[in-house]
Amino acid sequence: MLKNKPVILDLRYKGCLDPKYSKLFNKTANENRKIFTKLIERLSRGNEYNLDWWASGPASRNIYTSPLFHYCCSLVFIEKLIESGESFNEIQTDSKALSNILEVELHDRDDISVVCTSNSFLRLKNIIYAVYYIISTPIYFLSNHIAALFTKGLSKPIPNNPLTLIDTFVVQLNYNDRYYPGLWDALTELEKKTVYFVPTLLQQKLISINTYKFLRKSDVNYLLKEDYLCIHDYWYAWKYWIRVLKIKVKKTSLSGYDIAPLVREELIRFDGYFSAFLAILNYSFVKRLKVNGIELRLVIDWFENQVIDKGLNAGLNKYYPNLKNKGYQGFVISKHHLCLYPTDLEQKLGLIPDEILVIGQGLINQVKEFCPNNNNVYVSVAPAFRFKSVWDKRQQYPGKSKFTVLISLSIVLDETKRIMNVLSELLEKNEIDGIRFRLKIHPATPTNKIMKLLSNKLYHRLKIVEGDFNYFLEEANLVITSGSSTLSLNAIVKGVPAIIVTGTNGLIHNPVPPIVNNKMWKLCFNAEEVFQAINYYQYKGFDSDVENIEIGKTIRSQFFESVTRKGVLKLLDIEEYNEIQAN
């Protein structure tokens, strides 16, 4: 007699849940968003004015860097399964703290075993990684400081007038503005004189002298943090790892479970040490601006409400209390990215900007999900700079005789691995003819990392393309991307259907708003579902490009504000008559 196959719940942070359970887990996560946010506010009591706490993973509510939300949802999820009579035999987790909680809770359930995959070897490995982060992070930032110092002679003089600073990121030397394209060109030469971009370097080599040379020689104005930070600031940021160990975490209940051990476990792992280091440097940078007598008129923060944003805004609210600062959310992303939505406590403590700007009318209401009655959180609309091309007329509509699938990878490496695995399995199990596959790698991801993920069959079927996503979108009949990427919505606006490959760790990431026609997109968990979706769009999907385009126009008007000079001036609070500034 055959025994039933044991049912295993893989509740590791980046585990692999069966799609059936993944959908139930996702439902649990949606139901506990607000509860979790209130939980963080309770955890923060006693540490409200401690920047180290707000720079830590648990306080961040960032589900991409902190596992706390996942583990909390796991507790509620298991409780619901047991209450509903669902049968399962084993729970797997990579958290020793969560394992301990579950073993106590399930001590009388002999039919359910709890397996912690974090053994002594892995815990030793985590300690080694923690030491590595503590050593390598300051080396990285100090090497940038040295590179900036060597190129300081190329810097342009800073005007005496109050400055407008715009927070941005540089991901490669051949820098194309991916964050505010069209903003600089909308300004007159007079207006440009006091507008400065403040870049954070990402994915750069240790000594980035060429990058700093490029920035200093650019026609665009850049104000470099490294020109103002001093050695003491790096030293203070480095000592974060010592101070965070002293943070007191009090007993805090979620559905009757004390989750304080989960918080303590995360604090000592130092997975978010790089981000915490940068958050503290951002705070110190604002302090140095004040010490150096730099007058500011306005600051635009690229606002994801991550720990680095909290560091910047905390500094601005302390050292420039009368300054207006705006947080620009130039993207549309999965609602599971909880930190995007500010809380009453974050507003009260000055950790968020004075005004939050979204890129479409359809996004306004969701921003205040966790602070609906807070009249001090202002939300308005600004130009959708990264998506200005959605307003350009599409130049070509490729026929299905040369059906082209554009695979666009996100910056999240785990999602990239997931897509590569799904596509490899897809090609191994199915004969797919008459389709061209194009692979667009995220500019912040080294190509060699992606090449290691390609199977032999996948390598020979893909053509890697470089350049502007929108250029290759013109050639595409279909886009495949991940749940954290906004490009699926970008494609739909252009009339190109999208397949969104979601993860299997329980949280289903989908950036497409629920009002968008679901004939234009498919959410897929595995290779078989992707195969069926490709067949649908290749043979049975919309035959009318006109219908696709009309759907796209409706979405565009709701979610993507066009880039105009008027919109740029409103964003920057610049008067139309430049004579006022000149005087």
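Before reading further, recall that the structure is shown in the block above.
This is a predicted model, so every value here is computed, not measured.

Student: Can you walk me through the sheet that holds strand β1 (residues 8-10) in this structure?
Tutor: The sheet built from three strands is open, its strands ordered β1-β2-β3 with parallel pairing. Strands with a single pairing partner mark the edges of an open sheet, and in this sheet they are β1 and β3 (113-116). Taking each pair of neighbouring strands and ignoring which way they run, the sheet shows an average axis angle of 20°. Strand direction decides the pairing type here: β1 and strand β2 (residues 90-93), joined by three bridges, are parallel. Looking across to β2, one finds that L9 is bridged to I91. Packing of helix α6 (residues 96-105) onto the sheet brings it into contact with β2 and β3, and relative to β3 it is tilted by some 165°.

Student: Sorry, what's going on with the pairing of strand β13 (residues 435-440) here?
Tutor: Regular strands place their side chains on alternate faces of the sheet. Most of β13 sits inside the fold, with five of its six residues counted as buried. Sheet analysis places strand β12 (residues 403-408) next to β13, joined by six bridges and oriented parallel. Within β13, the position partnered with I407 by the bridge is L439. Of the pairings in the sheet, the one linking β13 to strand β14 (residues 462-465) comprises four bridges and is parallel in character. Bridge pairing in β14 places F437 opposite L462.

Student: It is not clear to me how unusual backbone geometry should be interpreted in this structure. Could you clarify?
Tutor: Look at S255: it is not a glycine, yet its phi comes out positive at around 55°. With respect to the helices and strands, the residue S255 is situated in the loop between β6 (253-254) and β7 (257-258). You can call S255 partly exposed: its relative accessible area is 42%. In the Ramachandran plot, N305 falls in the positive-phi region, its phi being about 55° despite a non-glycine side chain. Of the residues examined, N305 reaches a relative accessible area of 0% and is grouped as buried.

Student: Is there a simple way to think about the packing of aromatic side chains in this case?
Tutor: Within a pair of aromatic rings, the relevant descriptors are the distance that separates the centres and the angle that separates the planes. Applying the stated rule across the entire model yields 31 aromatic pairs. Taking the centre distance of 6.5 Å and the plane angle of 75° together, the rings of W241 and F270 count as edge-to-face. A residue pair is termed long-range when its members are at least 10 positions apart, and W241 in helix α11 (residues 240-244) and F270 in the loop between α12 (260-267) and α13 (273-291) qualify at 29 residues. Take F270: its relative accessible area is 9%, and that puts it in the buried class.

Student: Looking at this structure, how should I read the environment of I419?
Tutor: By the element assignment, I419 lies in helix α17 (residues 413-429). Each residue touching I419, except ones within four places of it in the same chain, is listed here: I407, L409, T481, S482 and V501.

Student: Help me understand the environment of V563 in this model?
Tutor: Position of V563 relative to the elements: it lies in the loop between α23 (545-559) and α24 (565-571). When its relative accessible area of 25% is taken as the criterion, V563 is described as partly exposed. Sequence separation between V563 and F387 is 176 residues; the distance between their C-alpha atoms is 8.7 Å. Ignoring sequence-local partners within four residues, the contact set of V563 consists of P383, A384, F385 and K388.

Student: Sorry if this is basic, but what is going on with the nonpolar core here?
Tutor: The tendency in soluble globular proteins is for nonpolar side chains to be buried as a group. Grouped together as the largest cluster of nonpolar side chains are 152 residues, with contacts concentrated most on Y180, L183, L296 and F560. Ranked by the residues each element gives to this core, the list is headed by α13, at 11 residues. Beyond its immediate stretch of four places on either side in the chain, L296 contacts P162, L163, L165, L289, L316, Y320 and L323. Grouped together as the second largest cluster of nonpolar side chains are 30 residues, F403, I450, L478 and F531 included.

Student: What is the right way to read a nonpolar patch on the surface from this model?
Tutor: Residues L124, I127, I128, V131, I135 and I139 make up a contiguous nonpolar surface patch of roughly 560 Å² in combined accessible area. You can see I135 is positioned in helix α7 (residues 120-150).

Student: What's the story with the pattern of salt bridges in this structure? I'm lost.
Tutor: Pairs can form between side chains of opposite charge whenever their charged atoms are close. Taken as a whole and assessed by the stated rule, the structure comprises 20 salt bridges. Taking the shortest distance from any N to any O, the salt bridge between K324 and D573 comes out at 3.8 Å. Taken together, the residues K324 in strand β9 (residues 324-328) and D573 in the loop between α24 and α25 (579-582) connect sequence positions 249 residues apart. With relative accessibility at 34%, the residue K324 sits in the partly exposed group. In this structure, the salt-bridge partner of D573 is K326, at a minimum N-O distance of 3.1 Å.

Student: When you look at the sheet that holds strand β15 (residues 478-482) in this model, what are you seeing that I'm missing?
Tutor: Strand order in the open sheet formed by six strands is β14-β13-β12-β15-β16-β17, with parallel pairing between adjacent strands. Whereas interior strands pair on both sides, the edge strands pair on one side only; in this sheet they are β14 and β17 (521-524). The average undirected angle you get between the axes of adjacent strands in this sheet is 25°. As judged from the four bridges shared by β15 and strand β16 (residues 498-501), these two strands associate in the parallel manner. Paired with I480 across the bridge in β16 is I499. Across the face of the sheet, α17 comes into contact with β12, β13, β15 and β16 while running at roughly 130° to β15.

Student: Teacher, can you tell me more about the packing of α7 against helix α9 (residues 209-217) here?
Tutor: Between two packed helices, the angle of one axis relative to the other and the distance separating the axes together describe the packing. α9 packs onto α7 with a crossing angle of 50° between their chain directions and a minimal axis gap of 8 Å. It follows that α7 is oblique to α9 by the angle criterion. Note on packing geometry: the crossing formed by α7 with α9 is right-handed. Facing α7, whose interface residues are N144, A147 and A148, α9 presents I209, Y212 and R216.

Student: Looking at this structure, I do not really get the side chain of R556. What am I missing?
Tutor: Within the secondary structure, R556 is located in helix α23. We note that R556 is buried and unpaired, the nearest opposite charge coming from D392 at a distance of 8.0 Å. From its side chain, R556 meets the backbone oxygen of V390 in a polar contact 3.1 Å long. Those residues within four positions of R556 in sequence are excluded, and the remaining contacts are V390, W391 and V493.

Criteria and cut-off values
- Every residue gets a number counted from 1 within its own chain, in the order that chain's sequence is written.
- In view of the model being predicted, local features appear only for residues whose pLDDT reaches at least 70, and side-chain atom pairs are presented and counted only at 80 or more, with totals across whole chains, interfaces and linings using the full set of residues.
- Just so you know, side-chain values use all the structure's heavy atoms and leave hydrogens and water out.
- Strands are labelled as partners when DSSP assigns at least two bridges between them.
- In this text, helices come from DSSP runs of H or I with a minimum length of four residues, and strands from runs of E with a minimum of two, each type numbered from the N-terminal end.
- Helix axes are fitted to C-alpha atoms over the stretch in contact, other axes to C-alpha atoms as well, and angles between N-to-C directions run from 0 to 180 degrees.
- Contacts are residue-level and defined by heavy atoms, with any inter-residue pair within 4.5 Å sufficient.
- Burial classification: accessible surface area is computed with a 1.4 Å probe over protein chains only, and a residue below 20% of its type maximum counts as buried, one above 50% as exposed, and the rest as partly exposed.
- Aromatic pairing here means that ring centres of Phe, Tyr or Trp (its six-membered ring) are within 6.5 Å. Orientation follows from the plane angle: under 30 degrees is stacked, over 60 is edge-to-face, and everything else is tilted.
- Residues enter a nonpolar core if they are buried and are Ala, Val, Leu, Ile, Met, Phe, Trp, Tyr or Cys, with the set joined through side-chain atoms within 4.5 Å.
- Residues form patches when they are more than 30% accessible in relative terms and have no salt bridge. Like charges link within 9 Å. Nonpolar side chains (Val, Leu, Ile, Met, Phe, Trp, Tyr) link within 5 Å.
- Here the open area of atoms and residues is found with the Shrake-Rupley method and a 1.4 Å probe, where only the protein chains shown may cover a residue.
- We define a salt bridge as a contact between a side-chain nitrogen of Lys or Arg and a carboxyl oxygen of Asp or Glu at a distance within 4 Å.
- Relative orientations are named as follows: roughly parallel for angles under 35 degrees, roughly antiparallel for angles over 145 degrees, roughly perpendicular for angles from 65 to 115 degrees, and oblique for any other angle.
- In this scheme the handedness of a crossing depends on how the near helix is turned from the far one: anticlockwise by less than a right angle means left-handed, clockwise means right-handed.
- Here Asp and Glu are counted as negative and Lys and Arg as positive; His is not counted, and neither are the chain ends.
- Under this definition, polar contacts are N or O atom pairs within 3.5 Å; protein pairs additionally need one hydrogen-donor-capable and one acceptor-capable atom, and for neighbouring residues in sequence, both atoms have to be side-chain atoms.

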